[in-house]
Every structure is written in structure tokens, then in C-alpha cells.
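# Coordinate inspection notes
Residues per chain, in single letters:
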Amino acid sequence: MLKNMSEDSAIAQPEFADTALSEDFSEDCSKALSENSEAGESSANQPFFHVPVLADLVIEGLQIKPNGHYLDATVGGAGHAQLILQAAPDVTLVALDQDLQALAAAKSRLAEYGDRVSFCHTNFSNYAVKSRPFDGILADIGVSSTQLDQADRGFSFRAEAPLDMRMDSTQALTAAEIVNHWDEKTLADMIYAYGEDRLSRRIARQIVEKRPFHTTTELAGAIAHAYPAKARHGRIHPATRSFQALRIAVNHELDVLEQLLAKAPDWLNPGGRLAIISFHSLEDRIVKYAFRGDDRLQIVTKKPLVATREEIRENKRSRSAKLRIAERHLPMKPMP
Ligand SMILES: C[S@@+](CC[C@H](N)C(=O)[O-])C[C@H]1O[C@@H](n2cnc3c(N)ncnc32)[C@H](O)[C@@H]1O
């Protein structure tokens, strides 16, 4: 994604499939999940709580049908997944997540649906359909509120924590690796491209001068110092954009989204729908142009669907959510 990276940035290449779990691309990875449940449960003793955004629009947009087969590519706290399973009789669902802890929580929340749900620990970009295609696919991308709120995972600069930011804790690349080892130009390009911060060069210089960093709060303090004193106390914290950029880089978020959009139309039955929820303009732009340029798909939502004022009042996170839906073309009728 970053075009001008130096050779050192080879470290930014995806390295998801480095565990036995991620290599198991079978439809049902439940066995692998239970074998690794310790990893899923040990990192925090916090309940996994996430309010699904744009829930009615997602369920209506996917046109869930009885006996339908669906993919939730980002099951998280299983809010959307549960609504999909409840929307029509005898629905079956494959649930993916790259976060073992999220998957363990989803498994427990969806236990009542028994073998109508199968779980798979994988990055959605590595997923491959082994059996029948889907009638609908949902990807509610990015991090969940739970991941953001778990201080020890290092997504937030508001709590002191190791510089981690991995959604998949089995992945090798962490925020510490990027901050402490990438060269100045690559850091600046990353902060500019993924955080859209105009002070990216000054921030990268500060980082290189002051490193090594061990914690989120140390890093946030150094980033704040790259800002002119007057601008340090604005509406948003000076580290906000750089932390977003780091999270995107650690998890290769834009690259994996592009890979999903390239593959997912082939996972659908004709007439099946692909629904993507994104949370910032970089992602929404990727979805918009991928849908437009894909002759396997017909766009259902000309403009992205967004939350009502009421939903925003109840769930602030829905403020920036954008839902786009496209439908797999029906097969062409043979010429008479
Ligand atoms: C916004 S939450 C989804 C919440 C869910 N829709 C619900 O109702 O609870 C996003 C989830 O997707 C997972 N995720 C993000 N990117 C992923 C990817 N590339 N592959 C697999 N899972 C991913 C995260 O770990 C997180 O649990």
C-alpha cells in the first residue's frame, strides 16, 4: 500500500499465515479454536462487549433467507452474527476472526446455535471457501470497542501499555517493531498515508531521535512534542492520527481489505450480497472503487448508508460507520 517505502519496509509485508491455525483453511476451524482457547481467554479477563452498528440496515441489506448460508468475516462480539442467525429459519453461518479472544467470545455467545455455526481463526484475506458458496457476506472491518478498551493491547495512547496493536496476537509484527526499527522516511510515509497527518515528517524525526520506546504513553508524549506548543491541546490529541496509522500498518488493514474485495465476489452465489462496514475514509474509498470496478458485482447502495441520529446518540462509534452493499450478478441467460 505504501508506495515509497525503503527496502527496510520489507518488514511491512503481510505475515499472517504463520500459525497452524491460520493455515487451516477448512470451513470449520472449531477444533483448532478449542485447542487454542487458552490464547483466546488469557490475554484479558474482560467480557467481550460490542454493540453492532447499522444492524437493521445490514440485516435488511443482506436479504437473509431461510436455509441461507452466510459468512461473517469479522465476527468480533457476534452481535451481527446473532442477528443474521435470528433473521430467518435454519440459517447457517461461518464466522471468522483473526483475534482468538474475539472468536472465543463469539463461540460462547453463539453456543445456542450449535453446529449451524462454524468458527475459523484466520485473517479474512487468507480465507478460502472449501464447500458451498454463500448467500451473503458481511465484513465489519477495523477494531472492536473491546479491543480498543483493553489497555494491555496497546491500541490506545490514553493508558500505559506495551506497543503492541496486533488484532492477531500470533502475528510477529508489532507497533514496537515499527516504531523502533523502521527508518525515518518510511515512518513519515506511513504516518502521512495512513494517518493523514501533515506533520508526519516532524513526527517521524521525533520518533527516530527519541527511540527506543516501550509504551504507548511514552510514544504519545514524543509525538505531542513534534507539534508546535499551541497545537498540542486541540480538539483531538496530537497522537490520534499517528496511532491510527500505526494500527493500520501493524494489521495491514488496507491491504487485507483490498484482498478481501478481490476474492469475496467469487465466494457468493448469484444474487448473493456483499456488505462492508468501514470506519474511515481511506477504507470507504477502497470499498467504493472496488465495487465500481468489479464486473462480477452490481452496486446496491449508490451512496454509503450511515447511522441515524438516534443510533449515534446511543452508540458514538456508529458516527463514522459507512455501509456499502453490492450484489453478485445473476448468470447471463444463454442466447436463444
Ligand atoms: C468491528 S469488530 C466486529 C464486530 C461484530 N460485527 C459484532 O457485531 O460484534 C471487528 C472484528 O473484526 C476482526 N478483524 C478485523 N480485521 C480482520 C481481518 N482482516 N480478518 C479477520 N478478522 C478481522 C477484529 O479482530 C474484530 O474482532
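The structure reproduced in this document is the subject of the present report. Remember, it's a predicted structure, so these values are computed and weren't measured experimentally. (Residues numbered from 1 in each chain as written. Predicted model: local features only at pLDDT ≥ 70, side-chain atom pairs only at ≥ 80, totals over all residues. Heavy atoms only, no water.)

## With respect to the packing of aromatic side chains
Stated precisely, the cut-off is as follows: Stacked, tilted and edge-to-face pairs are distinguished by plane angle, under 30 degrees for stacked and over 60 for edge-to-face with tilted covering the rest, among Phe, Tyr and Trp rings (Trp via its six-membered ring) whose centres lie within 6.5 Å. Helix numbering and strand numbering both begin at the N terminus, where a helix is a DSSP run of H or I of at least 4 residues and a strand a DSSP run of E of at least 2. The classification of residues rests on relative accessible area computed with a 1.4 Å probe and restricted to protein chains. Under 20% of the type maximum is buried, over 50% is exposed, and intermediate values are partly exposed. Whether a charge sits over a ring comes down to the Lys NZ or Arg CZ being within 6 Å of the ring centre and within 35 degrees of the ring normal.
Enumeration over the complete set of coordinates arrives at 2 aromatic pairs. Ring plane angle 85° and centroid distance 5.3 Å describe the contact between Tyr127 and Trp267, whose orientation is recorded as edge-to-face. Taken together, the residues span a long stretch of sequence, with Tyr127 in the loop between strand 3 (117-121) and strand 4 (134-140) and Trp267 in the loop between helix 13 (253-263) and strand 5 (268-278) at a distance of 140 residues. No difference in accessibility class separates Tyr127 from Trp267, as the two residues are buried. Ring centres of Phe157 and Phe243 lie 5.2 Å apart, and the angle between their planes is 85°; this geometry places the pair in the edge-to-face category. A residue pair is termed long-range when its members are at least 10 positions apart, and Phe157 in the loop between helix 7 (145-149) and helix 8 (175-181) and Phe243 in helix 12 (residues 240-251) qualify at 86 residues. A cation over a ring is seen here: Arg317 above Phe279, with NZ or CZ 4.2 Å from the ring centre.

## Observations concerning the side chain of Arg166
Our working rule: Distance and chemistry together define a polar contact, namely a pair of N or O atoms within 3.5 Å, with one atom able to donate a hydrogen and the other to accept it when in protein, and with adjacent residues in sequence counting only for side-chain atoms on both sides.
Within the secondary structure, Arg166 sits in the loop between helix 7 and helix 8. A relative accessible area of 16% means that Arg166 is categorised as buried. In terms of polar contacts, Arg166 uses its side chain to reach the backbone carbonyl oxygen of Ser169, at 3.1 Å.

## Quick notes on unusual backbone geometry
A cis amide bond links Arg211 with the next residue in sequence, Pro212, at an omega value of 10°. Non-glycine residue Ala78 carries a positive phi angle of around 70°. Looking at the secondary structure, you find Ala78 in the loop between strand 1 (69-72) and helix 5 (79-86).

## A few points about helix 14 (residues 281-292)
Put simply, the rule is: The span one expects for a helix is its residue count, reduced by one, times 1.5 Å. By the convention used here, residues are in contact when the closest approach between their heavy atoms is within 4.5 Å.
With 12 residues, helix 14 should reach 16 Å at 1.5 Å per residue; the first-to-last C-alpha distance of 16 Å fits that figure. Where helix 14 is concerned, the buried positions are Leu282, Glu283, Asp284, Ile286, Val287 and Phe291. Buried positions along helix 14 lie against helix 9 (184-195), helix 12, helix 13, strand 5, strand 6 (297-299) and strand 7 (322-328).

## Re the environment of Ile59
The residue Ile59 is located in helix 4 (residues 55-62) in this model. Remark: the alpha-carbon pair of Ile59 and Leu138, spanning 79 residues in sequence, is separated by 9.7 Å. When neighbours within four sequence positions are excluded, Ile59 is seen to be in contact with Ile64, His80, Leu83, Ile84 and Ala87.

## A short note on the site of the ligand
Our working definition: Note on terminology: near, applied to a residue and a molecule or strand, indicates that one of the residue's heavy atoms is within 4 Å of it. Accessible surface area values rest on a Shrake-Rupley calculation with a 1.4 Å probe, where residue burial reflects the displayed protein chains alone. Only Asp, Glu, Lys and Arg are considered charged in this grouping, and only Ala, Val, Leu, Ile, Met, Phe, Trp, Tyr, Cys and Pro are considered nonpolar; every other residue, Gly among them, is considered polar.
Taken together, the neighbourhood of the ligand is formed by 25 residues, with His80, Asp97, Phe124, Asp140 and Gln147 sitting nearest. Contacts to the ligand include Ala78, whose backbone N or O atom sits 3.2 Å from an oxygen atom. Compared with its free state, where it exposes 600 Å², the ligand has 99% of that area covered by protein. Looking at the shell around the ligand residue by residue, the classes come out as 9 nonpolar, 12 polar and 4 charged.

## Remarks on the pairing of strand 2 (residues 92-97)
As a reminder of what qualifies: Paired strands, in this sense, are two strands between which DSSP finds at least two bridges.
Across the 6 residues of strand 2, 6 count as buried, placing the element largely inside the fold. Going residue by residue along strand 2, you find Thr92, Val94 and Leu96 tucked away on one face and Leu93, Ala95 and Asp97 tucked away on the opposite face as well. With 4 bridges joining them, strand 1 and strand 2 adopt parallel strand pairing. By the bridge assignment for strand 2, Asp72 is matched with Ala95.

## Observations concerning the pattern of salt bridges
Put simply, the rule reads: Salt bridges are identified by distance alone: a Lys or Arg side-chain nitrogen within 4 Å of an Asp or Glu carboxyl oxygen.
Under the definition given, this model contains 12 salt bridges. Of the charged contacts in the structure, one is a salt bridge between Asp266 and Arg296, with a shortest N-O distance of 3.0 Å. In this pair, Asp266 sits in the loop between helix 13 and strand 5 while Arg296 sits in the loop between helix 14 and strand 6, placing the two residues 30 residues apart along the sequence. By relative accessible area, Asp266 is classed as partly exposed at 49%. Here Glu327 and Arg273 are joined by a salt bridge, their closest N and O atoms 2.8 Å apart. Of this pair, Glu327 sits in strand 7 while Arg273 sits in strand 5; the two residues are 54 residues apart in sequence, bridging distant segments of the chain. Overall, Arg273 belongs to the buried group, its relative accessible area being 12%. The network of salt bridges with common partners includes Asp266, Asp294, Arg296 and Arg328.

## So, the packing of helix 11 (residues 216-226) against helix 12
The following threshold applies: Only the stretch in contact is used when a helix axis is fitted, and all axes are lines through C-alpha atoms; the angle between N-to-C directions ranges over 0 to 180 degrees. Angle categories are assigned with fixed cut-offs, so that under 35 degrees is roughly parallel, over 145 is roughly antiparallel, 65 to 115 is roughly perpendicular, and the rest are oblique. Working rule for handedness: look at the near helix, and if it is turned counterclockwise from the far one by less than a right angle, call the crossing left-handed; if clockwise, right-handed.
Two elements in contact, helix 11 and helix 12, have axes separated by 10 Å at closest approach and are oriented at 130°. Considering the angle they form, helix 11 stands oblique to helix 12. Crossing angle aside, the handedness with which helix 11 passes helix 12 is right-handed. For the pair formed by helix 11 and helix 12, the contact residues are Thr216, Leu219, Ala220 and Ile223 on the first element and Ser242, Phe243 and Leu246 on the second.

Purely geometric numbers; function is a separate question.
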